[in-house]
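Secondary and tertiary structure notes
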Amino acid sequence: MDEKKARFLPFHAINEFMLDEYRNQVLQIALSGQPRPALTALIKRFVQVPGFRNSTQAPLALKVRGLVKPFQTNAEVTAQVLLAWADAHGELCDQVADLLRERGWEFLPPEADRTKLPGFLTVWPKDETFETLIAAYRQKYPDSAAHDYDISLMAVWLAGRLPVDVEGEQTQEAA
């Protein structure tokens, strides 16, 4: 009996695809607005800033610095940060969602709470790369000032997938 099973990687696996300086930008954007209560609670729990009993009251740069390690090692923290980051990029979220739909991707609606998922699926659609998605985005939205990294991260977040295995090809585990 050949059962089809979904394989997930925890949300913090995204760090394998991120440059350090981009990770810091994502954290800064996520913490710049009014974070959701779940993210605020995680900051209180995981971030210690000398001189601040309540780390949420610390300056942004200190919170960002303190949140790097939890973002790299804790799936719940990573998911809440990515949710806050996506919330701060509403227009990009809508545009990338439209682009993915047009390209035949299957994913949850943009407003769905992805933090409830066990992580990222590992199967990436065949014939799709970050480069092809970015090129298609640039063609569809030529006036957009969105950075290539932001387009890629939004595609990963919305699709709930990391490009580990390609659809239709034998996975590393199966091989």
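Everything below is about the structure shown above.
Model, not experiment: these values are computed from the prediction.

So, how was this worked out
- Residues numbered from 1 in each chain as written.
- Predicted model: local features only at pLDDT ≥ 70, side-chain atom pairs only at ≥ 80, totals over all residues.
- Heavy atoms only, no water.
- Salt bridge = Lys/Arg side-chain N within 4 Å of Asp/Glu carboxyl O.
- Helix = DSSP H or I, 4+ residues; strand = E, 2+ residues; numbered from the N terminus.
- Buried < 20%, exposed > 50% of the residue type's maximum accessible area, 1.4 Å probe, protein only.
- Core = buried A, V, L, I, M, F, W, Y, C linked by side-chain atoms within 4.5 Å.
- Expected span 1.5 Å × (residues − 1).
- Contact = heavy atoms within 4.5 Å.
- Pairing = 2+ DSSP bridges.

Okay, the pattern of salt bridges next. Counted according to the given criterion, the structure contains 7 salt bridges. Note that Arg23 and Asp20 form a salt bridge whose closest N and O atoms lie 2.7 Å from each other. Here Asp20 and Arg23 lie together in helix α1 (residues 20–32), a separation of 3 residues that amounts to about one turn. Given a relative accessible area of 4%, Arg23 falls into the buried group. Exposure remark for Asp20: the relative accessible area of 54% places this residue in the exposed category. Here Glu102 and Lys140 are joined by a salt bridge, their closest N and O atoms 2.6 Å apart. Taken as a pair, Glu102 in helix α5 (residues 90–102) and Lys140 in helix α6 (residues 130–140) lie far apart in primary sequence, 38 residues in all. Under the relative-accessibility criterion, Glu102 is labelled exposed at 55%.

This part covers the nonpolar core. Counting residues in each nonpolar core, the largest one holds 52 residues, and the members touching the most others are Ile14, Val81, Val96 and Leu100. Contributions of two or more residues to this core are made by α1, α2 (37–46), α3 (60–73), α4 (75–87), α5, β2 (120–124), α6 and α7 (148–159).

Glancing now at α7. The periodicity of an α-helix, 3.6 residues per turn, causes residues three or four places apart in sequence to face the same way. For α7, built from 12 residues, the straight-helix expectation of 16 Å at 1.5 Å per residue is met to within 8% by its first-to-last C-alpha distance of 16 Å. α7 sits mainly inside the fold: 10 of its 12 residues count as buried. Listing the buried residues of α7 in full gives Asp150, Ile151, Ser152, Leu153, Met154, Ala155, Val156, Trp157, Leu158 and Ala159. Considering only its buried residues, α7 is in contact with α1, α4, α5, β2, α6 and β3 (161–166). At the exit of α7 stands Gly160, carrying a positive phi of roughly 65°.

Time to look at the sheet that holds β2. The strand order across the open sheet built from 3 strands is β1-β2-β3, with neighbouring strands paired in mixed fashion. The sheet terminates laterally at β1 (8–9) and β3, the two strands that pair on one side only. Note that β2 and β3 share 3 bridges and pair parallel. In the sheet register, Leu121 faces β3, and the bridge partner there is Arg161.

With that settled, the discussion passes to the pairing of β2. Consecutive residues of a regular strand have side chains that alternate between opposite faces of the sheet. In terms of strand pairing, β1 meets β2 through 2 bridges, oriented antiparallel. Among the inter-strand pairings, Phe8 is bridged to a residue of β2, identified as Leu121.

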